[in-house]
Amino acid sequence: MIRRGPLAQLYPPSWPAIVTVGIVLAVIPFVSGPYVLSVLIAVGLSAIVAVGLSLFIGYAGQISLGHAGFYGIGAYTSAILALRGVDGWATILIGMAITGGVAWLVSRPTLRLEGHYLAMATLGLGMILNIIMIQWTSVTGGPSGLTGIPPLTVGSLVFDADWKLYYLIWVMALLVIWGFRNLVHSRVGRALKALAESEAAASSLGVPTARFKEMAFILSAMVASLAGSLYAFYLSFVSPSTFDAMASIEFLIMAIAGGVRSVWGAPVGAAVVTILSQAMKSVVPALFPSAGGEYSILVFGVLLVVILLFLPQGIVPGLARGVLTIRHRWTRPGDSGSAAPGGEG
Amino acid sequence: MSGASLLQLFFSGLTIGSIYALIAVGFVVTFSVTGILNLAQGEFAAVGALTAASLHMHGAALWVSVLAGTAAAVLLGIVMERAVIRPARRIDLLSVVIITIGVDIVFRGAALMIWGADPLTLAPFTDRPPLHLGGATLDWQTVWTVAISGVFFVALIWFFQTYQGKAVRAAVMNHTAARIVGIRPSRLSFYAFAVSAGLGGLAGTIVAPITGATYDMGLMLGLKAFVAAVIGGLNNAPAAVLGGLVVGLLEAFTAGLISSDYRDAITFIVLLLMLFVRPSGLFGRTAGKRV
């Protein structure tokens, strides 16, 4: 993940981009059907998780193989508490607090070690959380999960229709993107960037590396929990299979496919993976009549390997570089002073 | 609980533990030689098991099927090293770990395409009635499993005393220094993948008569073996064998004495505890480097 050179300076687009994306997304429900809306809701939920994860991967230089577990803590906390009559918004905050605590407990001993101990620990944590969801039947409903989760409300506004949740989820997603963009450009963000380039150098300049890595991890876990809660209120149903190891890997693919050093990478990665998996659900059975949806994992595996080998910065910075290269070729040689595409966007 | 039942649990823990041990040694061989945590390791077992089972079902002799299953895994390990790991050598190790996850998914998807979702069966290596020992039954497959992993345990200890084994240890300690004295880490990487894939494939063919062979068996086997390798210390091959037995026995006794629902959970709780308390493994000499 550690990349030097001009693209490391490629800053994500600032607030005009967020407003533009916001306006486009706001118009969509008026021109599209329920299917497109449901796909976009899935993209929005995944984007929230993937943005946090990409911040952690790209700026702390570590990976988590258990983010579906944090997503699941949010979803189950909201489901369990809302079914017992707790206010929906309060359950979101409680879920985030629990997730933050669990993430802190796991990261504290492991992030201080060199190597990928956190990756291994999150892998184990994700498995344990999933086993608890399946086995603690009296609370979690076991393999069949929990149903009938009451919707979120604000005064007399009830979030009970898809289009209402669509707006809620995307407002949250854009807020998270905006927040992370600001964080990346802040003093802390610059410190994290230095940390990802060289931990020794950052540490010698006085960056509390372990504490910042821990912070990035806890933040990304809490954001995943937020998305999980929203998921529970959207479907009004949760079950363990949504939060298994494969889901963690899918979040990882989204973050990496889009590009972990660009705030827009994660939403694009979430869109690519979600739309690809929807497309395969309709295409694969036509090509292989005996096949189930499981075949799509093969494509995701290939996608992950190919991107890391050939487009290691991810789709968004990769495309940005491609566009800039073409633009550079179109201008006369020597016309532009530098070949460096940095600072664009 | 009677002594006989405890003995029975001990036997079943020993069996599955020996399987984990073989796969765990594969983890350790790759990790200590190349620095890569190959999370696709468990899939070699699945490919070995599925190849052997399908060949045997089509009439091949049992020993031919077992050898072919192991060979198929070796071939896959070699292809993986050449096609994916070697081109990725200039990428940072974290990305390579993620690449191995991608390869794992590809193997699993391909196995589903080739063999389908239904489990295949393989005949036990020795088709004789089980032994009776102290009131407990002992399957011949258990004897095979323990014997084969025991042979590898001894072979590993012997290997590291030989000239080649010392070359491997030198490369593990210091890549650059090893190169200066004429050891080629890139060739070692090739052999590491071939050997660890072969161990995984062999483990798969041994476990197939006990659990059956399915396209998704590699994930759990790989994860459990990984925990075994962490217990052993990730770069200590003989210790990984002991780690495998620890995991196997823990699982068997948890399932027998507490509840089979939490059999898998105990393994991952042990993983977390190990990472928190002794990240260098039970037998590690140096503590993890504090930053």
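As the structure is a prediction and not an experimental result, all values here were calculated from the model.

Regarding the overall build of chain A
Stage number 1. Helices and strands together make up the secondary structure of chain A, namely 14 helices and 4 strands.
Stage number 2. Considering chain A as a whole, with its 345 residues, one finds that 55% of them fall into the buried category.
Stage number 3. Surface summary for chain A: the accessible area is close to 14300 Å², and the carbon and sulfur share equals 69%.

Re empty space enclosed by the protein
Stage number 1. Applying the stated criterion across every chain, the model contains 6 cavities of 30 Å³ or more.
Stage number 2. As a volume, the largest cavity reaches approximately 160 Å³.
Stage number 3. Going through the elements one at a time, helix H11 (245-258) of chain A together with helix H4 (93-115) and helix H9 (217-232) of chain B are the ones with two or more residues in the lining of the largest cavity.
Stage number 4. When residues in the lining of the largest cavity are grouped by element, the largest group, 4 residues, is from H9(B).
Stage number 5. Of the residues contributing to the lining of the largest cavity, the split by class is 9 nonpolar, 2 polar and 2 charged.

Details of the interface of chain B and chain A
Stage number 1. Each partner contributes to the interface: chain B provides 44 residues, whereas chain A provides 43 residues.
Stage number 2. Roughly 3900 Å² of surface becomes buried between chain B and chain A when both sides are summed, with 81% attributable to carbon and sulfur atoms.
Stage number 3. Linking chain B with chain A are 1 residue pair in polar contact (both at pLDDT 80 or more).
Stage number 4. Secondary-structure elements contributing two or more residues to the side of chain B that touches chain A are H4, H9 and helix H11 (263-277) of chain B.
Stage number 5. If you tally residues by element for the side of chain B that touches chain A, the top one is H4(B), at 16 residues.

Some words on the UniProt feature "transmembrane region" (unreviewed entry) in chain B
Stage number 1. As annotated by UniProt and renumbered to match this structure, "transmembrane region" (unreviewed entry) occupies residues 7-40, 60-79, 91-115, 142-160, 188-211 and 265-284 of chain B.
Stage number 2. Segment residues 60-79 of chain B splits into 90% helix and 0% strand. End C-alpha atoms: 25 Å apart.

Comments concerning the UniProt feature "transmembrane region" (unreviewed entry) in chain A
All names here are of chain A.
Stage number 1. UniProt records the feature "transmembrane region" (unreviewed entry) for residues 12-31, 37-58, 89-106, 118-136, 165-184, 216-239, 251-276 and 297-315 in the present numbering.
Stage number 2. Taken as a whole, residues 216-239 contains 83% helix and 8% strand, while its terminal C-alpha atoms sit 28 Å from one another.
Stage number 3. Secondary structure content for residues 297-315 is 79% helix and 0% strand, and the end C-alpha separation is 19 Å.

Topic: the environment of B:Glu43
Residue and element names in this part refer to chain B.
Stage number 1. The topology assignment puts Glu-43 in helix H2 (residues 41-57).
Stage number 2. On the basis of relative accessibility, which here comes to 1%, the residue Glu-43 falls in the buried class.
Stage number 3. Through-space distance from the C-alpha of Glu-43 to that of Met-220 is 9.6 Å; in sequence the pair is 177 residues apart.

Observations regarding the pattern of salt bridges
Stage number 1. All told, the structure shown has 9 salt bridges over all chains when counted by the stated rule.
Stage number 2. With a closest N to O distance of 3.3 Å, A:Arg108 and A:Glu214 form a salt bridge. In this pair, A:Arg108 sits in helix H4 (residues 88-110) while A:Glu214 sits in helix H10 (residues 209-235), placing the two residues 106 residues apart along the sequence.
Stage number 3. For B:Glu81, the salt bridge identified is with B:Arg86, shortest N-O distance 3.6 Å.
Stage number 4. The class of B:Glu81 is buried, set by a relative accessible area of 1%.
Stage number 5. What you see here is one network of salt bridges that share partners, running through B:Lys224, B:Glu251, B:Arg263 and B:Asp264.

Let's talk about the confidence of the model for chain A
Residue and element names in this part refer to chain A.
Stage number 1. The predicted model of chain A has a mean per-residue pLDDT of 82, with 88% of residues at 70 or higher.
Stage number 2. When mean pLDDT is taken per element in chain A, helix H3 (residues 67-83) scores highest with 95 and helix H14 (residues 315-330) scores lowest with 75.
Stage number 3. Note on residues 335-345: pLDDT is under 50 here. Beyond four places in sequence and across chains, it has 15 contacts.

Observations regarding the side chain of B:Glu81
Stage number 1. With respect to the helices and strands, the residue B:Glu81 is situated in helix H3 (residues 62-85).
Stage number 2. Among the polar contacts listed, one links the side chain of B:Glu81 to the side chain of B:Ser189, at a separation of 2.5 Å.

Details of the confidence of the model for chain B
Stage number 1. On average, chain B scores 85 in pLDDT, and the residues at 70 or more come to 97%.
Stage number 2. Every residue in residues 287-291 of chain B is under pLDDT 50, and counting partners more than four places away or in other chains gives 12 contacts.

A short note on the side chain of B:Thr15
Residue and element names in this part refer to chain B.
Stage number 1. Its location among the elements puts Thr-15 in helix H1 (residues 3-34).
Stage number 2. With relative accessibility at 7%, the residue Thr-15 sits in the buried group.
Stage number 3. Here the side chain of Thr-15 touches Phe-11 through a polar contact of 2.7 Å, landing on its backbone oxygen.
Stage number 4. When residues no more than four places from it in sequence are discounted, the contact partners of Thr-15 are Thr-142, Thr-145 and Ile-210.

A look at the packing of aromatic side chains
Working definition: an aromatic ring pair is given by the centre-to-centre distance plus the angle between the planes.
All names here are of chain A.
Stage number 1. One pass over the structure, following the stated rule, counts 15 aromatic pairs over all chains.
Stage number 2. An angle of 75° between the planes, with centres 6.2 Å apart, marks the rings of Trp-89 and Phe-159 as edge-to-face. Linking Trp-89 in helix H4 with Phe-159 in the loop between strand S3 (157-158) and helix H7 (162-185), this pair joins segments that are 70 residues apart in sequence.
Stage number 3. Judged by its relative accessible area of 25%, Trp-89 falls in the partly exposed class.

Considerations on the nonpolar core
If you look at soluble globular proteins, the nonpolar side chains tend to sit buried side by side.
Residues and elements named next belong to chain A.
Stage number 1. With 203 residues, the main nonpolar core has Leu-230 and Val-238 as its most contacted residues.
Stage number 2. The leading source of residues in this core is helix H2 (residues 34-60), at 17 residues.
Stage number 3. Discounting chain neighbours no more than four positions away, the residues touching Leu-230 are Leu-45, Ile-48, Ile-92, Leu-152, Leu-168, Ile-169 and Met-172.

Quick notes on the packing of H11(A) against helix H13 (residues 296-310) of chain A
The description of two helices packed together rests on the angle between their axes and the distance between the axes.
All names here are of chain A.
Stage number 1. In the contact formed by H11 and H13, the axes pass within 10 Å of each other and the chain directions differ by 40°. For the pair H11 and H13, the crossing hand works out as left-handed. Residues Met-246, Glu-250, Ile-253, Ile-256 and Ala-257 of H11 form the contact with H13, whose participating residues are Ile-297, Phe-300, Leu-303, Leu-304, Ile-307 and Leu-308.
Stage number 2. Among the residues making up the contact of H11 with H13, the classes are represented as 10 nonpolar, no polar and 1 charged.

Structural notes on H11(A)
Residues and elements named next belong to chain A.
Stage number 1. The end-to-end C-alpha distance of H11, which contains 14 residues, comes to 20 Å, matching closely the 20 Å that a straight helix rising 1.5 Å per residue would cover.
Stage number 2. Of all 14 residues that make up H11, 12 are buried, and the element is covered over most of its length.
Stage number 3. Residues Met-246, Ala-247, Ser-248, Ile-249, Phe-251, Leu-252, Ile-253, Met-254, Ala-255, Ile-256, Ala-257 and Gly-258 constitute the buried set of H11.
Stage number 4. Once H11 ends, the next one or two residues include Gly-259, with phi positive near 120°.

Conventions adopted
- Residues numbered from 1 in each chain as written.
- Chains lettered and ligands numbered in written order.
- Predicted model: local features only at pLDDT ≥ 70, side-chain atom pairs only at ≥ 80, totals over all residues.
- Heavy atoms only, no water.
- Helix = DSSP H or I, 4+ residues; strand = E, 2+ residues; numbered from the N terminus.
- Buried < 20%, exposed > 50% of the residue type's maximum accessible area, 1.4 Å probe, protein only.
- Areas by Shrake-Rupley, 256 points an atom, 1.4 Å probe, with all protein chains shown as cover.
- 1 Å grid on protein atoms, 1.4 Å probe; cavity = no way out; pocket = protein on both sides within 12 Å on 5 of 7 lines; lining within 4 Å.
- Points joined across faces, edges and corners; volume = space filled by probe spheres on them.
- Nonpolar A, V, L, I, M, F, W, Y, C, P; charged D, E, K, R; others polar.
- Contact = heavy atoms within 4.5 Å.
- Buried area = accessible area lost by both parts, 1.4 Å probe.
- Polar contact = N/O pair within 3.5 Å; in protein donor to acceptor, adjacent residues only side chain to side chain.
- UniProt positions renumbered as here; feature names shortened; annotations may be inferred.
- Salt bridge = Lys/Arg side-chain N within 4 Å of Asp/Glu carboxyl O.
- pLDDT = per-residue confidence, 0-100.
- Phe/Tyr/Trp six-rings, centres within 6.5 Å; stacked < 30°, edge-to-face > 60°.
- Core = buried A, V, L, I, M, F, W, Y, C linked by side-chain atoms within 4.5 Å.
- Axes fitted to C-alpha atoms, helices over the stretch in contact; angles between N-to-C directions.
- Left-handed = near helix turned anticlockwise from the far one by under 90°.
- Expected span 1.5 Å × (residues − 1).

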